[in-house]
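# Breakdown of the fold
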Amino acid sequence: MATVVAVIASTHHPFYYRASTSTGADRPPFTDEWVAKIEAFRETLTKARPDILVMVGSDHFHQLWLDNMPQFLVGKAPYFDANWYNEEREFGLPRFTLPGEERLAAHILRNGLDAGFDLAFSNELRIDHSITCPIITLRPEADLPIVPIYTNIFAPPLPRPKRFVELGRTIRQLVESWPDDQRVAIIGTGHLSLELGGPRQFGAHGPDPEFDRRAIDWIAGGDIDGCLAEVTLDSLHLPGNATHGFMDFMLMMGVAGAGAKADHVDSLDLFHTMEAYFTWYPNGVPA
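Predicted, not measured: the structure shown is a model, and the values here were computed from it. (Residues numbered from 1 in each chain as written. Predicted model: local features only at pLDDT ≥ 70, side-chain atom pairs only at ≥ 80, totals over all residues. Heavy atoms only, no water.)

Overall, mixed pairing links the eight strands, which are arranged S6-S3-S7-S2-S8-S1-S10-S9 in an open sheet. Two strands lie at the open edges of the sheet, namely strand S6 (120–122) and strand S9 (264–270), each paired on one side alone. Direction aside, neighbouring strands of the sheet carry axes that sit 15° apart on average. Here strand S3 (residues 72–75) pairs with strand S7 (residues 146–151) via three bridges, running antiparallel. Residue pairing in the sheet places leucine 73 in a bridge with tyrosine 150 of S7. Together, strand S1 (3–11), strand S2 (52–57), strand S8 (183–190), S9 and strand S10 (273–280) form the strand contacts of helix H2 (residues 31–46), whose direction differs from that of S9 by roughly 155°. Along the sheet, helix H7 (residues 209–221) contacts S9 and S10; its crossing angle with S10, the most-contacted strand, is approximately 5°. (Pairing = 2+ DSSP bridges. Helix = DSSP H or I, 4+ residues; strand = E, 2+ residues; numbered from the N terminus. Axes fitted to C-alpha atoms, helices over the stretch in contact; angles between N-to-C directions. Contact = heavy atoms within 4.5 Å.)

Right, let's talk about the pairing of S8 for a bit. For S8, the buried fraction is high: seven of the eight residues fall into the buried class. As judged from the eight bridges shared by S1 and S8, these two strands associate in the parallel manner. What sits directly across from alanine 6, in S8, is alanine 185. Note that S2 and S8 share five bridges and pair parallel. (Buried < 20%, exposed > 50% of the residue type's maximum accessible area, 1.4 Å probe, protein only.)

Note on placement: threonine 243 falls in the loop between helix H8 (224–230) and helix H9 (246–256). When sequence neighbours within four positions are dropped, the list of residues in contact with threonine 243 reads Leu192, Ser193, Leu194, Phe211 and Leu236.

Now the structure itself:
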């Protein structure tokens, strides 16, 4: 049976690649601290020695639009192209071709349907920075096969936060029920408080530092009940107009499990957003 060797949740700031590869006067003053945090975070995946990455993210209206917006979608293909032109232009992100793991994707689809999730799928999915930024930060070799899972955090009507948690629990169960003897890391990316295009986008810190503090406490301590008691679709408008991406963090809390305390917790306040990084080892910290 497959083994979940690491559960990882992180933000996915598309500026990291450009900042970390810049030199001289073009290198932002916060870059060295950011790179150090990312390198420590990367080691948490490396020492888990995964064979496959299941990666949860959200399409930023690149391939999925209002003419056809699935709530939850699984990519099932032998490879996935990335990124999109605007991501190359705005953030300098490189193009990728990432290998896919079709057998695990098929297992998640079939058994996810049987578990009560009407999952959509795509054999021609092209992925964006919600998947490739974690590849850049956690596995820059881009050498491991992936199963991308996209969630709808942008286009109402959205699934409620509880449904994200339930899907996280189900993904964990489905991966562990896969009969292949493989080591799987489940990685998901979302946001803390975030404002896009609004008056709080470019402040000295994220738009709602108090929400960010409580969010990090919920995630680090596995406090799913406390989080669900406070977080609703309506409440997520208050910390910033794009904060619904926090539901992907809630999904990863479901993967990690109620009460599961993260083995690695780190964060960095970057002028307009709080970056955050979490790793859990379900079978204990690797030697």
